[in-house]
Amino acid sequence: QVQLVESGGGLVQAGGSLRVSCAASGRTFSSYAMGWFRQAPGKEREFVASISSRGGTTYYADSVKGRFTISRDNTKNTVYLQMNSLKPEDTAVYYCTVDKGSRLVVVDPDYWGQGTQVTVSS
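The rules we used
- Residues numbered from 1 in each chain as written.
- Predicted model: local features only at pLDDT ≥ 70, side-chain atom pairs only at ≥ 80, totals over all residues.
- Heavy atoms only, no water.
- Buried < 20%, exposed > 50% of the residue type's maximum accessible area, 1.4 Å probe, protein only.
- Helix = DSSP H or I, 4+ residues; strand = E, 2+ residues; numbered from the N terminus.
- Pairing = 2+ DSSP bridges.
- Phe/Tyr/Trp six-rings, centres within 6.5 Å; stacked < 30°, edge-to-face > 60°.

Draft legend 1. Local environment of the pairing of strand β1 (residues 3-7). Burial along β1 is one-sided: Leu4 and Glu6 are buried, and none of Gln3, Val5 and Ser7, which face the opposite way, are. With five bridges connecting them, β1 and strand β3 (residues 18-25) associate as antiparallel partners. Bridge pairing links Gln3 to Ser25 in β3.

So this is what it looks like as structure tokens:
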């Protein structure tokens, strides 16, 4: 049974920082790209960031570039998203994903976590 469990969400003021984590279990994901998506109320789910299997290549949505950093620790089967300079428009449920078909970037996720809420107050 594959599980992705996110943690670290919460309420923060605009300009603040949060780090969300995603622990994967059930198999080893060190061969796969992992990433984060988010969904704000009333909006479609959107791509946030992606990291290659060994962590050497990252991609970001333009809206978060320069503020968010994705990283991973394959010894812990965990991926992180460090979010700085948060804005109210970053408020969303953040989902961790794994793409078994790619080592480089998440294109078509195969697994999704249950999501963690991030709320940024103005």
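Let us keep going from here.
Draft legend 2. Expanded view of the packing of aromatic side chains. Evaluation of the coordinates by the stated rule reveals five aromatic pairs. Note on Phe29 and Tyr32: the rings are 6.2 Å apart at their centroids and 65 degrees apart in plane angle, and the pair reads as edge-to-face. Across the pair, exposure class does not vary: Phe29 and Tyr32 are buried alike. A centroid spacing of 5.7 Å and a plane angle of 80 degrees characterise the contact between Phe37 and Phe47, whose relative ring orientation is edge-to-face.

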